[in-house]
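# Breakdown of the fold
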Amino acid sequence: MRYIDPHIHCSSRSTDDYERMAEAGIVAVIEPAFWLGQPRTTAGAFHDYFSSLVGFERFRAGQFGIKHYCTIGLNAKEANNERLAEEVLDMLPLFLAKDNVVAVGEIGFDDMTPAEERALRVQLDLAKELELPVMIHTPHRNKKRGTYRSMDIIEEHGVPPHMVVIDHNNEETCKEVLDRGYWAAFTIYPKTKMGNQRMVEIVKQYGSDRVIIDSSADWGISDPLAVTKTGNLMLGQGIAEEDVQLTCYKNAISAYNQSGQFNETDWLNPEPVDESKLFEGNSVLRGQRPDSSTPQEDGIIT
Amino acid sequence: MLFENRDSTPPTPAKLLRGWLETATDDEGLTWLDDRIAKVESGDAAALYLGFGLAPRKVGKQPLELSTLQLDLAKEVRSGWDPSTWNVGQAARTLLLLSIPSEDPGPYFEHLEKLFNAAELQESVALFQALPVLPHPELLVDRAVDGLRTNVLFIFSAIAHRNPFPEEYFSEAAWNQMVLKALFIGAELDPMVGIDRRVNPALAEMLIDYAHERRAAKRPIPVELWRMVGPFADETALEDMTAILAEGTELEQQAIALALAASATDDADEILRSKPQLAAQIEQGAITWSGICDAAYAN
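What you are looking at is a predicted structure, and each value in this text was computed from that prediction instead of being measured.

## Description of the layout of surface pockets
Roughly 570 Å³ of internal volume is contained in the second largest pocket. Taken together, 21 residues line the second largest pocket, and the ones lying closest to its centre are F116, A119, S124, T150 and I155 of chain B. At the level of elements, α2 (43-54) and α3 (56-63) of chain A together with α6 (105-118), α7 (121-130) and α8 (141-147) of chain B are the ones that each hand at least two residues to the lining of the second largest pocket. The residue makeup of the lining of the second largest pocket, split by class, is eight nonpolar, eight polar and five charged.

Okay, here's the thing in structure tokens:
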């Protein structure tokens, strides 16, 4: 079975992770621009981060047979540094039109401040202009209100719900998100967000239509195999293969292919010239080949 | 008149690119591109940045597939220009670059800097391969030299291969580093424009040291290296060459023989005489550096 992890922060993961992901069947990933765990102090730091998302990280993933895409945006936390935020918003046109950018994101709320709201609105307008999907980060605190408020603002800007993935849902938010016509994504992440088994229950209750599973694996304690493990858990508990494929692969394609930049053919029929050049030009492997014999972990997050 | 040439001004790279795109993309793509070009010409920076990114999506990513005649014309318009490996999106990107107002070098250079600094991999290739047709080339030398610090082979090749820019604008030190690095990362030398014209004693000296060090470590020596060494082969080089000529692979022997033939010293002639068959083949033109390069990288 093929899997996509449509929300993972590869920049903070190791090559070991890429090897295990490829081995577990993950063929493509989307890396949303987010914060680095500490606030950036200059716009140049954002510039270099965005550059690596469209450049080196894409190359590095390719070295391990994984197609890498990204989303570009100013995240909610750092929107609160208003002077910096203005510079970053001005920089976005340099990056949003790149070939592997499949959405504006992840944007939305953290503290629900006016500065966060302004950055959200500016970026929704950019998404509209470029006809790009939007990836919404929903806040950890005051999640329900933050999620609903995000959707209200999206609707005020006339961005249609089918162009928007609302991420980090839980049992409390997902009904409203699905009822209002959005893609509802769920992050399998230890302690916070969603667990594997809870996810199985959600798919049992709400079905597979417009439901997307991701890992958000990043610099924290997180699991780059969360999607494949949840898929296996669902299969083991009687959820039909078709529904597993929708939630762990196909819905992500339907949602992000609206950018025109996220086509199954990219990884099923990789461009031969580019691929061979990527492998020859490798600066990650330093002459080695990816080791596909690394054993796969089978622990699950509860 | 059927074949009347209505445009009497001489062809330019921009005109050629626009003409190639006419057959390579559809009306919708062409309309989009012409609209962008007009905006970029009027100084609209956001139109340039978004347009540069969007171009392949709007006009296509397929190879340009230029005919021999078209490639000959390209060389006539800009000596050494070789867009044989270009694709349609890259041609459109180059046209957008050529539309940036450039009378005032300051703002022109700033736009290019922004595009280079934000470039993803394919954009970097397009930017570096556009170097020979861009105005104010002297402003772009540092950028080209810096670009070679990449470890991504196809970006290195965009600068070093089929690109007349390095031969024309690189200092001897920068040129020599390019050649030396190519050998280290497994990039061919033969597609470097001016490879034989820019041989120099300092480069040969570095390569002779490198070859000697590789031989001492019992590691293979890239066969193309000898092309740069031949004209300057000293005692150390001749000693290494003699040994490889005696016991090396067929391809190594061919390369050494060809280098010896280029050296034109009595010592070199004498060594070459130990392989009369190779000497004869070289005389007939049956062994060439292009052929050796192809054989070395064929797999």
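## Looking at the environment of I166 of chain A
Residue and element names in this part refer to chain A. Tracing the backbone shows I166 in strand β6 (residues 164-167). On the basis of relative accessible area, I166 is assigned to the buried category, the value being 0%. For the pair I166 and V134, spaced 32 residues apart in sequence, the C-alpha to C-alpha distance is 8.4 Å. Not counting the four nearest positions on each side in its chain, I166 is found in contact with I136, T138, T147, M151, I154, V177, Y182, W183, A184 and A185.

## Observations regarding the nonpolar core
Ranked by internal contacts, the top residues of the largest apolar core, which has 175 residues, are F50 and I72 of chain A together with F170 and W226 of chain B. No other element matches the nine residues that helix α4 (residues 82-96) of chain A contributes to this core. Each of domain 1 (1-170) and domain 2 (199-299) of chain B accounts for three or more of the residues forming this core. Apart from residues lying up to four places away in sequence, F170 of chain B is in contact with V141, A144, V145, L148, I159, F165, W175, M178 and R198 of chain B. Formed by 19 residues, the second largest nonpolar core is a distinct cluster that contains I4, M135, V165 and A185 of chain A.

## Looking at the packing of helix α1 (residues 13-24) of chain B against helix α2 (residues 27-41) of chain B
All names here are of chain B. The N-to-C vectors of α1 and α2 enclose an angle of 155 degrees; their axes lie 9 Å apart at closest approach. By the angle class used here, α1 and α2 are roughly antiparallel. The two elements α1 and α2 cross, and the hand of that crossing is right-handed. For the pair α1 and α2, the contacting residues are R18, L21 and E22 in the first and L30, L33 and D34 in the second. Residues of the contact of α1 with α2, tallied by class, amount to three nonpolar, no polar and three charged.

## Thoughts on the pairing of strand β7 (residues 183-187) of chain A
Side chains on a regular strand alternate between the two faces of the sheet. All names here are of chain A. Of all five residues making up β7, five are buried, and the element is well covered by its neighbours. The alternating pattern of β7 places W183, A185 and T187 and A184 and F186 on opposite faces, both of which are buried. Relative to β7, β6 is paired through two bridges, and the arrangement is parallel. Bridging across to β7, I166 finds its partner in A184.

## Observations regarding helix α10 (residues 241-256) of chain A
All names here are of chain A. Over its 16 residues, α10 extends 22 Å from the first C-alpha to the last, a length consistent with the 22 Å expected when each residue adds 1.5 Å. T247 marks where α10 bends most, by close to 50 degrees. Of all the residues in α10, the buried ones are V244, Q245, T247, C248, Y249, N251, A252, I253, A255 and Y256.

## Quick look at the side chain of T187 of chain A
Residue and element names in this part refer to chain A. You can see T187 is positioned in strand β7. On the accessibility criterion, T187 (0% relative accessible area) is buried. In this structure the side chain of T187 is engaged in a polar contact, spanning 2.7 Å, whose partner is the side chain of H168. One polar contact links T187 to D214, side chain to side chain, over a distance of 2.9 Å. The contacts of T187, once residues within four sequence positions are left out, are D167, H168, K193, M194, D214, S215 and S216.

## Focus: empty space enclosed by the protein
All names here are of chain A. The final tally for this structure, using the stated rule, is two cavities of 30 Å³ or more. Empty space within the largest cavity amounts to approximately 60 Å³. If you go around the largest cavity, the residues you meet are A79, E82, A85, E86, L89, A115, R118 and A119. It is α4 that provides the largest number of residues to the lining of the largest cavity, a total of four residues. Broken down by class, the residue content of the lining of the largest cavity amounts to five nonpolar, no polar and three charged.

## A few points about the pattern of salt bridges
Residue and element names in this part refer to chain A. This model, assessed by the stated rule, comprises 34 salt bridges over all chains. When the shortest N-O distance is used, the salt bridge between R149 and E117 registers 3.1 Å. In this pair, R149 is assigned in helix α6 (residues 143-156) and E117 in helix α5 (residues 114-130), connecting sequence segments 32 residues apart. Judged by relative accessible area, R149 falls into the partly exposed class, the value being 26%. Connected through shared salt-bridge partners, E117, R121, R149 and E156 make up one network.

Calculation rules
- Residues numbered from 1 in each chain as written.
- Chains lettered and ligands numbered in written order.
- Predicted model: local features only at pLDDT ≥ 70, side-chain atom pairs only at ≥ 80, totals over all residues.
- Heavy atoms only, no water.
- 1 Å grid on protein atoms, 1.4 Å probe; cavity = no way out; pocket = protein on both sides within 12 Å on 5 of 7 lines; lining within 4 Å.
- Points joined across faces, edges and corners; volume = space filled by probe spheres on them.
- Helix = DSSP H or I, 4+ residues; strand = E, 2+ residues; numbered from the N terminus.
- Nonpolar A, V, L, I, M, F, W, Y, C, P; charged D, E, K, R; others polar.
- Buried < 20%, exposed > 50% of the residue type's maximum accessible area, 1.4 Å probe, protein only.
- Contact = heavy atoms within 4.5 Å.
- Core = buried A, V, L, I, M, F, W, Y, C linked by side-chain atoms within 4.5 Å.
- Domains from an automatic or database assignment.
- Axes fitted to C-alpha atoms, helices over the stretch in contact; angles between N-to-C directions.
- Parallel < 35°, antiparallel > 145°, perpendicular 65-115°, else oblique.
- Left-handed = near helix turned anticlockwise from the far one by under 90°.
- Pairing = 2+ DSSP bridges.
- Expected span 1.5 Å × (residues − 1).
- Bend = angle between axes of the 7 residues up to and from the residue.
- Polar contact = N/O pair within 3.5 Å; in protein donor to acceptor, adjacent residues only side chain to side chain.
- Salt bridge = Lys/Arg side-chain N within 4 Å of Asp/Glu carboxyl O.

These results come straight from atomic positions and should not be treated as a statement about function.
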